[in-house]
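Architecture and fold: a report
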Amino acid sequence: MEYTVNDERLNAATFIAFANQVWQGDYDEEKTSVALSRTINISAYDGETLVGCLRILTDGYYFGTITELLVLPKYQRQGVGSRLLRLAKENAPTTLYFGARPEAEEFYIKNGCVKGMQSYMIPKNR
């Protein structure tokens with residue numbers, strides 16, 4: 001497994017093909033490209049195959065958030081997500097805040113994350 005922080009080879013087409021295997025959606029390639037350019041992208045590759053990705057959005061000083069942590073189902077429960085979280089902790093310039101689905105809370109707690117404030121959102125129709 002090869003892990004890369006600030007993955008410069010990660011492009012929108014690769015990310016969309018990967019994301020659709022984990023979290024299906026109707027992703028726009030141009031908007032995805034812009035989004036990837038605005039985040040710190042930490043990736044996991046098995047050979048040439050992207051199998052995991054964690055993205056950090058940060059202002060570099062006050063705030064940082066994990067926008068998503070995705071691992072292909074076939075590679076889950078093999079330490080890929082845990083390694084991506086460790087790399088995020090080591091490379092983020094700020095404390096990281098993020099939300100988690102209730103069924104994922106145990107994973108984050110096991111990996112040393114501290115449960116904080118409840119999150120809220122202001123929905124926007126796309």
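Our subject is the structure that appears above.
The shown structure was predicted, so the numbers you read here are calculated from the model rather than taken from an experiment.

About the criteria used
Counting restarts for each chain, with residues numbered from 1 along the sequence as it is written. Only residues with pLDDT of at least 70 get local features here, since the model is predicted, and only at 80 or more are side-chain atom pairs given and counted; chain-wide, interface and lining totals rely on the full set of residues. Side-chain metrics in this entry use all non-hydrogen atoms of the structure; hydrogen atoms and water are not considered. Starting at the N terminus, helices and strands are each numbered in turn, a helix being any DSSP run of H or I of at least four residues and a strand any DSSP run of E of at least two. Note on contacts: a residue pair qualifies if any of its non-hydrogen atoms lie within 4.5 Å across the two residues. The patch calculation keeps residues exceeding 30% relative accessible area without a salt bridge and links them within 9 Å when they carry like charges or within 5 Å when they are nonpolar (Val, Leu, Ile, Met, Phe, Trp, Tyr). Each accessible area is a Shrake-Rupley result for a 1.4 Å probe, and residues are judged covered by the shown protein chains and nothing else. Salt bridges, as used here, are contacts in which a Lys or Arg side-chain nitrogen is within 4 Å of a carboxyl oxygen on Asp or Glu. Counted charges follow a simple rule, with Lys and Arg positive, Asp and Glu negative, and His plus the chain ends left uncounted. The atoms used to mark charge sites are NZ of Lys, CZ of Arg, CG of Asp and CD of Glu. Accessible area is worked out with a 1.4 Å probe on protein chains only. A residue is then buried under 20% of its type maximum, exposed over 50%, and partly exposed in between. Polar contact is defined as a pair of N or O atoms within 3.5 Å, subject to the rule that within protein one atom must be able to donate a hydrogen and the other to accept it, and that residues adjacent in sequence are counted only when both atoms are side-chain atoms. Between any two strands, pairing holds if DSSP finds at least two bridges.

Focus on the side chain of T4
Along the polypeptide, T4 turns up in strand β1 (residues 2-5). Residues within four places of T4 in sequence aside, it is in contact with N41, I42 and S43.

Some points on a negative patch on the surface
Side chains of D26, D28, E29 and E30 sit close together on the surface and give a patch of like negative charge. Structurally, D28 can be placed in the loop between α1 (12-22) and α2 (29-37). With relative accessibility at 37%, the residue D28 sits in the partly exposed group.

Regarding the side chain of D7
Tracing the backbone through its elements, the reader meets D7 in the loop between β1 and α1. Although D7 is buried, it makes no salt bridge; R9 carries the closest opposite charge, 4.1 Å away. In this structure the side chain of D7 is engaged in a polar contact, spanning 2.6 Å, whose partner is the side chain of Y45.

So, the pairing of strand β2 (residues 40-46)
Burial within β2 is extensive, with six of its seven residues counted as buried. Note: β1 against β2, four bridges, orientation antiparallel. Residue pairing in the sheet places V5 in a bridge with I42 of β2. Hairpin connection of β2 to strand β3 (residues 49-58): two residues between the antiparallel strands, including G47 at a positive phi of 65 degrees.

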